[in-house]
Amino acid sequence: MAIGFINGEWIPVDQTVLPIDERGHNFGDGVYEVIRVYQGVPFKMREHLVRLEQSAEAILLTMNYSIPELEALIAEGLEKTGLQEAAVYLQVTRGIAKRVHLFPDVPASTTMTIRPAADISDKIREQGVHVTLVDDERWKNCFIKSLNLLPNVIAKQKATDAGFYEAVFVRDGVVLEGSSCNLFLVKDGVLITPPANRFILHGITRATLLDIAKELGVPVEEKEFGPDLLLAADEAFLTSTSMEVMPVVKIDGRQIGSGQPGEIARKLHRNYRAKYQQIGV
Ligand code: PMP
């Protein structure tokens, strides 16, 4: 069963109604998180909630629930749904108030959905995906997980319409991230990913994989690179809470490495799975 939460009330997801003056609706004035639940246990929940607080702080928004309170709410919602494999979508906005730009003097608005996880098929992961490089038209605060996703939505739609799985943003000759994921490449045995600066979202999956790589003794570099290095990579892959590790085998029609999902990507994904499988037991 899927469930919704609106400012203190749990409601079946198809019956949730938001006031028309919700600032998330009017201005996209809010922040969000997506947390994957494996075997009944939310994975990296604390990290996601800390990032939510950081995003809120970055837009000068005071949240109306603390991290422990949100953890308790997520646990309560999961119990209500009985779901073992779920996706928690959590959103905090600047509240419900007449539509004027200035910040209203009202509490934040917190909403959530908990639904069955929509897993990506192993077949897609085994084949790897094709992506396209696109100009990054987003603002300069991409480290904030803000509700304003218009450039991401448009980039994803155009990429999909052109037959690609994902669009990868490039800003001033620097490769950054996908419309809803981070990006890694492997060159000569070194795992390389763009640095966690203001131009990318500091992905929780990204951080987890960097930890795993270090545990496995895979050399890691967080550094800027351009399309040339990406196209010359031995491997490339995307990461996110919902994609986990998704190998990229072609970029704008050019084959990456052998044209098959790479060994390091596979190994990192096996170890990522092992991490979340352990937490449920
Ligand atoms: N970058 C962007 C732009 C994203 O939207 C996401 C996923 N929401 C990510 C990276 C990956 O973040 P995470 O690993 O925390 O899901």
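Residues numbered from 1 in each chain as written. Predicted model: local features only at pLDDT ≥ 70, side-chain atom pairs only at ≥ 80, totals over all residues. Heavy atoms only, no water.

**Q** Teacher, can you tell me more about the overall build of the protein here?
**A** In terms of regular secondary structure, the protein is built from eight helices and 15 strands. Against the compact-globule benchmark of 19 Å for 281 residues, the protein has a radius of gyration of 19 Å, which places it among compact chains. For the protein, the C-alpha atoms occupy an extent of roughly 55 × 45 × 30 Å along the three principal directions. The 281 residues of the protein split such that 49% are buried. Counting contacts in the protein only where the partners sit at least 6 residues apart, residues at least 24 apart contribute 72% of the total. With the model as given, the accessible surface of the protein reaches about 13,300 Å², and the carbon-plus-sulfur share is 53%. One finds the centroid of the 30 positive side-chain charges in the protein at a distance of 3 Å from the centroid of its 37 negative side-chain charges. (Helix = DSSP H or I, 4+ residues; strand = E, 2+ residues; numbered from the N terminus. Rg over C-alpha atoms; globule rule 2.2 N^0.38 Å. Buried < 20%, exposed > 50% of the residue type's maximum accessible area, 1.4 Å probe, protein only. Contact = heavy atoms within 4.5 Å. Areas by Shrake-Rupley, 256 points an atom, 1.4 Å probe, with all protein chains shown as cover. Lys, Arg positive; Asp, Glu negative; His and termini not counted. Charge placed at Lys NZ, Arg CZ, Asp CG, Glu CD.)

**Q** Sorry if this is basic, but what is going on with the sheet that holds strand β3 (residues 30-38) here?
**A** One key point about sheets: their strands pair by backbone hydrogen bonds, in either a parallel or an antiparallel sense. Taken in spatial order, the six strands line up as β2-β1-β6-β5-β3-β4 in an open sheet, and their pairing is antiparallel. Each end of this open sheet is capped by a strand with a single partner; those strands are β2 (9-12) and β4 (41-42). Two elements, strand β1 (residues 3-6) and strand β6 (residues 109-116), share four bridges in a ladder whose sense is antiparallel. In the strand pairing of β6, Gly 4 is matched with Thr 113. Contacting β3, β4 and β5 (86-93), helix α2 (residues 45-58) runs over the sheet at an angle of about 175° to β3. (Pairing = 2+ DSSP bridges. Axes fitted to C-alpha atoms, helices over the stretch in contact; angles between N-to-C directions.)

**Q** I'm lost on the packing of aromatic side chains in this one. Help?
**A** What characterises a pair of aromatic rings is the spacing of the ring centres plus the angle enclosed by the ring planes. Under the counting rule described, the total for this entry stands at nine aromatic pairs. Ring geometry for Tyr 272 and Tyr 276: centres 5.7 Å apart, planes at 85°, overall edge-to-face. In this pair, Tyr 272 and Tyr 276 are both assigned in helix α8 (residues 263-279), four residues apart and thus about one turn of the helix distant. Here Tyr 272 falls in the buried class, since its relative accessible area comes to 3%. (Phe/Tyr/Trp six-rings, centres within 6.5 Å; stacked < 30°, edge-to-face > 60°.)

**Q** Help me out: how do you make sense of the environment of Leu 133 in this one?
**A** By the secondary structure assignment, Leu 133 is in strand β7 (residues 129-135). Between the C-alpha atom of Leu 133 and that of Val 174, which follows or precedes it by 41 residues, the distance is 11 Å. Residue contacts for Leu 133: discarding those within four places in its chain leaves Val 168, Val 170, Pro 227, Leu 230, Ile 251 and Asp 252.

**Q** I keep staring at the site of the ligand and nothing clicks. Help me out?
**A** For the ligand, the set of nearby residues contains 16 residues, the closest of which are Lys 145, Glu 177, Ile 204, Thr 205 and Thr 241. Arg 51 places a side-chain nitrogen or oxygen 2.9 Å from an oxygen atom of the ligand. Here Ile 204 contributes a backbone N or O atom positioned 2.8 Å from an oxygen atom of the ligand. For the ligand, the accessible surface in isolation is 390 Å², of which the surrounding protein chains cover 92%. Contributions of two or more residues to the shell around the ligand are made by α2, β9 (174-178), α6 (204-216) and β13 (235-240). Per-class residue counts for the shell around the ligand are three nonpolar, 10 polar and three charged. (Near = heavy atom within 4 Å. Polar contact = N/O pair within 3.5 Å; in protein donor to acceptor, adjacent residues only side chain to side chain. Nonpolar A, V, L, I, M, F, W, Y, C, P; charged D, E, K, R; others polar.)

**Q** Looking at this structure, I do not really get the domain arrangement of the protein. What am I missing?
**A** By convention, interface size is frequently given as the accessible area that disappears when the constituent parts associate. If you check the domain split of the protein, you get domain 1 (3-116) and domain 2 (122-278). Domain 1 and domain 2 are separated by 26 Å when their C-alpha centres are compared. When residues of domain 1 are sorted by the area they lose upon contact with domain 2, Tyr 32, Tyr 38 and Arg 51 head the list and together hold 35% of the total. In this structure, the connection of domain 1 to domain 2 is made through zero salt bridges. (Domains from an automatic or database assignment. Buried area = accessible area lost by both parts, 1.4 Å probe. Salt bridge = Lys/Arg side-chain N within 4 Å of Asp/Glu carboxyl O.)

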